[in-house]
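# Notes for the structure review
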Amino acid sequence: MAGVTRIEIRETAAELETLIQQQSNPNLKERLQVLYLLKRSNAMSIGEIAKVIGRNRGSVQRWLSQYRSSRLASLLETRH
């Protein structure tokens, strides 16, 4: 499928679904949703995912870059 990002997501879809349900911070929940949407067998493009979660494409790409470099812990870090 054209436009789908190739990224290895180590967590299973079920694990991501559980993490989404447990997450109380809405910003971090969005980040987990991005991973979940990419992990599904009918993965969406970055642009489509950005539209679904209501963020711009650059934000989604930045989150994926964080995930690539430091995995889930870095992605779920809250900065003040």
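Residues numbered from 1 in each chain as written. Predicted model: local features only at pLDDT ≥ 70, side-chain atom pairs only at ≥ 80, totals over all residues. Heavy atoms only, no water.

As recorded in an unreviewed UniProt entry, the protein chain goes by the name Helix-turn-helix domain-containing protein, listed as coming from Leptolyngbya boryana CZ1.

## Quick word on the pattern of salt bridges
Note that side chains of opposite charge can pair when their charged atoms are close. Applying the stated criterion across every chain yields a total of 1 salt bridge. Arg55 is paired through a salt bridge with Glu30; the nearest N and O atoms lie 2.9 Å apart. On the criterion of sequence distance, the pair formed by Arg55 in the loop between helix 3 (46-53) and helix 4 (57-75) and Glu30 in helix 2 (residues 26-39) is long-range, its members being 25 residues apart. Owing to a relative accessible area of 15%, Glu30 belongs among the buried residues under this scheme. (Salt bridge = Lys/Arg side-chain N within 4 Å of Asp/Glu carboxyl O. Helix = DSSP H or I, 4+ residues; strand = E, 2+ residues; numbered from the N terminus. Buried < 20%, exposed > 50% of the residue type's maximum accessible area, 1.4 Å probe, protein only.)

## Quick word on the nonpolar core
Ranked by size, the top nonpolar core spans 20 residues in total, and within it Val34, Leu35, Val60 and Leu64 carry the most contacts. Only helix 1 (13-22), helix 2, helix 3 and helix 4 provide two or more residues apiece to this core. Excluding residues within four positions of it along the chain, Leu35 makes contact with Ile9, Leu16, Leu64, Tyr67, Leu72 and Leu75. (Core = buried A, V, L, I, M, F, W, Y, C linked by side-chain atoms within 4.5 Å. Contact = heavy atoms within 4.5 Å.)

## Details of the packing of helix 2 against helix 3
Orientation of helix 2 relative to helix 3, taken along the N-to-C sense of each, is 140°, at an axis distance of 10 Å. Put simply, helix 2 runs oblique to helix 3. Crossing hand, helix 2 versus helix 3: right-handed. Packed against helix 2, whose contacting residues are Glu30, Gln33, Val34, Leu37 and Leu38, the element helix 3 presents Ile49, Val52 and Ile53 at the interface. Here the contact of helix 2 with helix 3 is built from residues that sort into 6 nonpolar, 1 polar and 1 charged. (Axes fitted to C-alpha atoms, helices over the stretch in contact; angles between N-to-C directions. Parallel < 35°, antiparallel > 145°, perpendicular 65-115°, else oblique. Left-handed = near helix turned anticlockwise from the far one by under 90°. Nonpolar A, V, L, I, M, F, W, Y, C, P; charged D, E, K, R; others polar.)

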